[in-house]
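Residues per chain are reported as follows:
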Amino acid sequence: MIAITCLQKGDFCSNTYVVENEKGSIIIDAGVPVEDILHTTKKPIMAILITHAHFDHIWYLKEYDQAFHCPIYMSSVAYEKMSDPEKNLSRQFCEKDFAWNIPKDHVQYVENQTFELLQEPIECMMVPGHSDCSICYFIDGVCFCGDLLFENGIGRTDFADGNIVKLYRSMKKVLEKPVKQFYPG
């Protein structure tokens, strides 16, 4: 049985999730400061999962990497985008260029596979549309879908790597899964 806490901070209001059970915690996306994570859970952080590499979902990833010393899971495309302010959209939305160069040996590439964390199977599915590096993570009937969905609708597709046709195809694939609840980015 997992417990889920949603954290939100800053101008962009992206969601960061702390998912935990008796074995420890994992973090999904990196949109809040380390202190917020530490106030939320006292359990060890076992991994960080990134849904896509737009700046608001990776903003604190460097700090997480330094604080938690755990594997970071993402697609290989997301890894390449993190270090490019044009592709991670920080040049478009922020007052400064934003780029992370997380060491490759800290990163686990996941694309359409299942792995285990906290003794829970985690299925990941590539879901292009909002971004070409988007991944959904399925844990115990719950879908952490990044910006495939927003609070009141589907994710936007007006960025260079967005595509409305791919977004609808991704939604169709996700809706074929036995999902009890969605947690958007």
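Higher on the page you've got the structure.
Throughout this document, residue positions are counted from 1 along each chain, in the order its sequence is written. Totals for whole chains, interfaces and linings use every residue, but because this is a predicted model, local features are given only for residues with pLDDT of at least 70 and side-chain atom pairs only at 80 or more, for both listing and counting. Heavy atoms throughout the structure, all of them, feed into the side-chain values; hydrogens and water do not.

All right, on to unusual backbone geometry then. The phi dihedral of H69 is positive, around 50°, even though this residue is not glycine. What counts as a helix is a DSSP run of H or I of at least four residues, what counts as a strand is a run of E of at least two, and both are numbered from the N terminus. Relative to the helices and strands, H69 is located in the loop between α3 (61-68) and β5 (72-74). Accessible area is worked out with a 1.4 Å probe on protein chains only. A residue is then buried under 20% of its type maximum, exposed over 50%, and partly exposed in between. Taking the relative accessible area as the measure of exposure, H69 reaches 67% and is therefore exposed. Backbone geometry places Q119, a non-glycine residue, at a positive phi of 60°.

Let's shift gears to the sheet that holds strand β6 (residues 107-109). Strands sit in the order β1-β2-β3-β4-β5-β6 across an open sheet of six strands; the sheet is mixed. Whereas interior strands pair on both sides, the edge strands pair on one side only; in this sheet they are β1 (3-8) and β6. Between one strand and the next, the sheet's axes are offset by a mean angle of 25°, whatever the strand orientation. Pairs of strands are assigned from DSSP output, requiring at least two bridges between the strands. One ladder, built from five bridges, connects strand β2 (residues 15-21) with strand β3 (residues 24-28); its direction is antiparallel. For V19, the partnering residue across the bridge sits in β3 and is I26. Along the sheet, α3 makes contact with β2, β3, β4 (45-49) and β5, crossing β4 at roughly 160°. Angular values range over 0 to 180 degrees, each being the angle between N-to-C directions of two axes fitted as lines to C-alpha atoms, with helices fitted over their stretch in contact. Pairs of residues are marked as contacts when any of their non-hydrogen atoms sit within 4.5 Å.

Our next topic: the environment of D161. Topologically, D161 is positioned in the loop between β12 (153-154) and α6 (164-175). Exposure remark for D161: the relative accessible area of 15% places this residue in the buried category. Spatially, the C-alpha atoms of D161 and Q92 are 14 Å apart, while their sequence positions differ by 69 residues. Among residues more than four places away in sequence, those in contact with D161 are H54, K81, G129, H130, S131 and D132.

The next thing to look at is the pattern of salt bridges. Within this document, salt bridges are pairs made up of a side-chain nitrogen of Lys or Arg and a carboxyl oxygen of Asp or Glu, the two lying within 4 Å of each other. Taken as a whole, this structure holds five salt bridges when the rule is applied. Two residues, D132 and K81, come together in a salt bridge whose shortest N-O distance is 2.5 Å. Of this pair, D132 sits in the loop between β8 (120-126) and β9 (135-139) while K81 sits in helix α4 (residues 76-82), and the two are 51 residues apart along the sequence. Residue classification places D132 among the partly exposed residues on the basis of a relative accessible area of 36%. The class for K81 is buried, based on a relative accessible area of 5%. R91 serves as the salt-bridge partner of E86, at 3.4 Å between the closest nitrogen and oxygen. Counted as one network, the salt bridges with shared partners bring together K81, D132 and D161.

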